[in-house]
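So you can see what is in the structure, the chains are spelled out below.
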Amino acid sequence: MPLVILSGLPSSGKTKRAQELKEFFERRLASQDSGTDSKTKDYRIHIVNDESLNLNKHVSYNTAADEKKARGALMSAVERLLSKDDIVIVDSLNYIKGFRYQLYCVARAIGTPHCVVFCACMPDMARIWNKTSQAYPETIFEELVVRFEEPDSRTKWDSPLFVVAPDDPKLPEDEIWDAVILKKAKPPNLSTVVKVVKETNYLYEFDQTTQNVIQAILDAQKSGDPTKQIKAPLSSILLQLPPTRVVTLSELRRLRRQFTSINKMHTLLDMTRVAEGFVEYLNQNLNS
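The rules behind the values
Residues numbered from 1 in each chain as written. Predicted model: local features only at pLDDT ≥ 70, side-chain atom pairs only at ≥ 80, totals over all residues. Heavy atoms only, no water. Helix = DSSP H or I, 4+ residues; strand = E, 2+ residues; numbered from the N terminus. Patch = residues over 30% accessible without salt bridge, like charges linked within 9 Å, V, L, I, M, F, W, Y side chains within 5 Å. Areas by Shrake-Rupley, 256 points an atom, 1.4 Å probe, with all protein chains shown as cover. Salt bridge = Lys/Arg side-chain N within 4 Å of Asp/Glu carboxyl O. Axes fitted to C-alpha atoms, helices over the stretch in contact; angles between N-to-C directions. Parallel < 35°, antiparallel > 145°, perpendicular 65-115°, else oblique. Left-handed = near helix turned anticlockwise from the far one by under 90°. Contact = heavy atoms within 4.5 Å. Nonpolar A, V, L, I, M, F, W, Y, C, P; charged D, E, K, R; others polar. Buried < 20%, exposed > 50% of the residue type's maximum accessible area, 1.4 Å probe, protein only. Polar contact = N/O pair within 3.5 Å; in protein donor to acceptor, adjacent residues only side chain to side chain.

Caption draft 1: Geometry of the environment of Asp174. Here Asp174 shows up in helix α7 (residues 173–182). Between the alpha carbons of Asp174 and Arg28 there is a distance of 9.8 Å; along the sequence they are 146 residues apart.

Encoded structure:
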C-alpha cells in the first residue's frame, strides 16, 4: 500500500521522477520517528521497472509477443509486492490504458489506494533524450510514441492523476501523499470481487457464466450484428464490441483467463454479478 503508476512516452523522465518519489516517501516516513506525523506507519518502498526485472528495452518491445511477456513480468512483480505494508512505484511506460486498468484492479482487489503520475513530455524532447541515452532503438521509440494512450483523469483507473512537466522543479509531493497515504481506499468493485470462496460449485458456475458471455459474443459476430452491442446472459450491462474489428476466440479466452485469475480466490456467489463484472472487464479491455 499504495500503488503509484508512472506513465509517459519512452525517455520522458519517468525513472528520474520515480527515484524522486521514492526519496520523498523515505524522508516523509522517516519523520514518524520524530513524532511529526502520527497518521502514518512504516512502509517498505519498491520501484518496479524494466531494470529491476532484467528486461532489455532493445528486446522487450520488439514484437507484440515480447511486449506481452514484459507486461506479464511487470504485473506479476506488482501482484507479488503490493500489500498494505508496501508502497509500489511502477516505473514503466504503462502506455496502454487497458494495462493501467488491470493495475488499478489489483490495487482495488486488496483495498489499497492508487494514483497515476503522468510525465508529460513533447515527443521531440523525448526523441532528443532517447538519442542521448540510447534507451530504445529509434524504430521502437517511434512505434511506442504512436501507440501511447495518454492518461485521462475522467476515468477511474487514471484518477487521481498528477501531471508533471519536464521543467517542473519537483513533484506535487504533498498532493500525492494525501492521495495515496492519507486517503482511504475505495472498496473492491464488481471486477475485483468481495468474499472468500465458500461454495464448492462456485468455480464451476463461474466458468459456465463467463463461457456463456463469450459464446454470446461469438454468436453475435456470426450473425453480423450491426449494433456491436450485445446483451450477454445474466448481465444488465451491454457489451460493446470494437467497431472496426472482429474479436477472436483466442483474445476472448486470454481476457477470460485474466478475469478468472483476478477473481479466483474470491466469490460473488451471485452469478449475475459475475456476468456483469466480466462484461465490464471486457468493455474496458476490448475497446482500449
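Anyway, onward from the coordinates.
Caption draft 2: Structural context of a nonpolar patch on the surface. Together, Met122, Met125, Ile128 and Trp129 make up an exposed nonpolar region whose accessible area comes to about 430 Å². Along the chain, the position of Trp129 falls in helix α5 (residues 123–133).

Caption draft 3: Summary view of the packing of helix α8 (residues 202–222) against helix α10 (residues 271–286). Orientation of α8 relative to α10, taken along the N-to-C sense of each, is 45°, at an axis distance of 10 Å. It follows that α8 is oblique to α10 by the angle criterion. Our pair here, α8 against α10, has a crossing hand that is right-handed. For the pair α8 and α10, the contacting residues are Tyr202, Glu205, Phe206, Thr209, Thr210, Val213, Ile214 and Ile217 in the first and Met271, Val274, Ala275, Phe278, Val279 and Leu282 in the second. Of the residues that constitute the contact of α8 with α10, the class distribution is 11 nonpolar, two polar and one charged.

Caption draft 4: Quick peek at the side chain of Ser235. Inspection of the secondary structure puts Ser235 in the loop between β7 (229–230) and β8 (239–240). Owing to a relative accessible area of 1%, Ser235 belongs among the buried residues under this scheme. Among the polar contacts made by the side chain of Ser235, one reaches the main-chain carbonyl oxygen of Ile237 at a distance of 3.0 Å. Excluding residues that lie within four positions of it along the chain, Ser235 makes contacts with Ala275, Glu276 and Val279.

Nothing here speaks to function; it is all geometry.
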